[in-house]
2 protein chains.
Amino acid sequence: MLTRKQYAEMRDRTLQFLQKAGIVLTPEEQEAVEVADFGLENLEVEGLQLITYVNTDRYCAKELVLFPRQTCPEHLHPDVNGEEGKQETFRCRYGTVYLYVEGPASPEIQSVIPEGKEACYTVRHEFVLKPGEQYTIPPHTKHWFQASEEGTIVSEFSSTNRDEYDIFTDPAIKRIPVIGE
Amino acid sequence: MLTRKQYAEMRDRTLQFLQKAGIVLTPEEQEAVEVADFGLENLEVEGLQLITYVNTDRYCAKELVLFPRQTCPEHLHPDVNGEEGKQETFRCRYGTVYLYVEGPASPEIQSVIPEGKEACYTVRHEFVLKPGEQYTIPPHTKHWFQASEEGTIVSEFSSTNRDEYDIFTDPAIKRIPVIGE
C-alpha cells in the first residue's frame, strides 16, 4: 500500500511529465491521477500512473505514464459476463515504449525484466513504439510493457474498461490496488 | 469537390497546426489526413480536417482540427442496423471549441453562424471547451461545433465510427465527401 507521501510524489512527477509533452489536465483530473503499484510495493520497477478521461459502457480513453524503465506487469483481459474481453490500442505520445504480446519471441528484447521475475514475463514478441506509432492488442492476449530510459506517455483507446477483472501472470498480484486520493 | 491543390494546402496547414500542439503523426498518417468540405465548397467556413487513429468494431479515436472560425455543420448519429448510434467524447487539446447540443438555448452564443445558414444550425445549447475540458455527446443528439479565433484541436473518443450514416440538418449536404489523396 502506498503512503500518502509516496502517492503525492508520484502524482507530481506524473503531472510534470505530462506538462512536458503538452498534455493538459483539468484541476479535477490532476487531483485524480491514479498510481498503481499492483500490490507489489516496488512502484519504481513495477508500476503505472494513469488518467482516465472517459469510460462509458461502449469505449474508454486514458493516458498512461511510465517513468524510466518502469514496467506494467504481464496480464490479459478476459471475457466478462459473456462480453468479449477488452480490446485496446496503445498510441505512443512521448518517449519510447517497449510492448510485448503473444507471438514468436523476439531474438533480443530491449526491456530489462524485473529482477527475479523472469517467470512472470512470459510473452516476448516485441514492438517498439515511438511517438505517433501504435498497436492494437486483441482481447485475451497476454501483454506487458516497459518505458525506455526516458520514460513514456501512451494514449490508450479501448472498449469499456473493466480492469478489476484482469488476469495477471504474477501470482503475487491479487488485484489492482489503484490509489487515488 | 476539392482540387488536389486545395487538399494539399489544407493538409499542410493541418500538419503545422498539430506540430504546434506537440501531436506527432507517422508519415503514413500525414499522407492520410482527411479534409471534409461536406460538399458545400466553402471549406474555410464549413469544413473539418481529421486523422483517424483507429476504428474497430468496438471503438474509434480521432484528432479533429478546425482552423479559426471553421465550423462542423449540425448533424446527429442515428442507430445503424439495430446498433445504437455513435456516442462520442470531445476533448479539447488546443485552442477553444464552441460546442452546441440539444437543450435550452444559451442566451448568447460565442459562435458566428455561417451567413445565410441560420436554419441549418438549430441547437444552441453551448459548451465552451478549453484544453483539458471535454463533453460526451449521447447518440441521436444534434450537435455542431466551431473553433475560436485561434483554431482548435479536439480529440474524439467514441464508439465505432459510421459517419457515412450521419444525418445533417442542412439539406445541401447529401453525404460526407471526405477527401484524402
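What comes next is a walk through the structure. Everything numeric here is computed off the predicted structure, so don't read it as measured data.

Residues and elements named next belong to chain A. With respect to the helices and strands, Gln-49 occurs in strand β2 (residues 48-55). At 2.9 Å, the side chain of Gln-49 forms a polar contact with the side chain of Gln-70. For Gln-49, the residues in contact, after removing those within four places along its chain, are Met-10, Thr-14, Glu-34, Val-35, Leu-43, Glu-63, Leu-64, Val-65, Leu-66, Phe-67 and Gln-70.

So, about the nonpolar core. Core analysis: the largest hydrophobic core is formed by 42 residues, its most contacted members being A:Leu25, A:Tyr53, B:Leu25 and B:Tyr53. For this core, the secondary-structure elements that each account for two or more residues are α1 (4-20), β2, β3 (60-66) and β8 (143-158) of chain A together with α1 (4-20), β2 (48-55), β3 (60-66) and β8 (143-158) of chain B. Apart from residues no more than four positions distant in its own chain, B:Tyr53 is found in contact with A:Arg91, A:Arg93, A:Gln134, A:Phe157, B:Ile23, B:Leu25, B:Glu29, B:Ala61, B:Lys62 and B:Glu63.

Further remarks concern the interface of chain A and chain B. Across the boundary between the two partners, chain A contributes 30 residues, which contact 30 residues of chain B. Surface buried jointly by chain A and chain B totals about 2200 Å² across both partners, of which 47% is contributed by carbon and sulfur atoms. Counting every contact that joins chain A to chain B gives 4 salt bridges. The shortest N-O distance in the salt bridge between A:Glu29 and B:Arg91 comes to 2.7 Å. Between the two partners, chain A and chain B, sit 18 residue pairs in polar contact (both at pLDDT 80 or more). Examining the composition of the side of chain A that touches chain B, we find that 4 residues originate from one element, strand β5 (residues 88-101) of chain A, more than from any other.

Here the focus is the pairing of β5(A). Residue and element names in this part refer to chain A. Burial analysis of β5 places 13 of its 14 residues in the buried class, which makes it a mostly covered element. Two elements, β5 and β8, share 12 bridges in a ladder whose sense is antiparallel. Along β8, the bridge assignment pairs Cys-92 with Val-154. For β5 and strand β6 (residues 125-129), the ladder comprises 5 bridges, and the chain directions are antiparallel. Its bridge partner being in β6, Leu-99 is matched across the sheet by Phe-127.

Laying chain A over chain B is done by rotating through 180° and shifting 0.0 Å along the axis; what remains is an RMSD of 0.0 Å. Taken together, these values place the two copies in the relation of a two-fold axis. When each C-alpha of chain A is compared by its distance to the rotation axis, A:Tyr59 comes out closest, at 2.9 Å. Interface overlap between copies: 100% of the residues of chain A at the interface are likewise at the interface in chain B, consistent with a symmetric, same-surface contact.

Parameters and conventions
Residues numbered from 1 in each chain as written. Chains lettered and ligands numbered in written order. Predicted model: local features only at pLDDT ≥ 70, side-chain atom pairs only at ≥ 80, totals over all residues. Heavy atoms only, no water. Helix = DSSP H or I, 4+ residues; strand = E, 2+ residues; numbered from the N terminus. Polar contact = N/O pair within 3.5 Å; in protein donor to acceptor, adjacent residues only side chain to side chain. Contact = heavy atoms within 4.5 Å. Core = buried A, V, L, I, M, F, W, Y, C linked by side-chain atoms within 4.5 Å. Buried < 20%, exposed > 50% of the residue type's maximum accessible area, 1.4 Å probe, protein only. Buried area = accessible area lost by both parts, 1.4 Å probe. Salt bridge = Lys/Arg side-chain N within 4 Å of Asp/Glu carboxyl O. Pairing = 2+ DSSP bridges. Least-squares fit on C-alpha atoms with pLDDT ≥ 70 in both.

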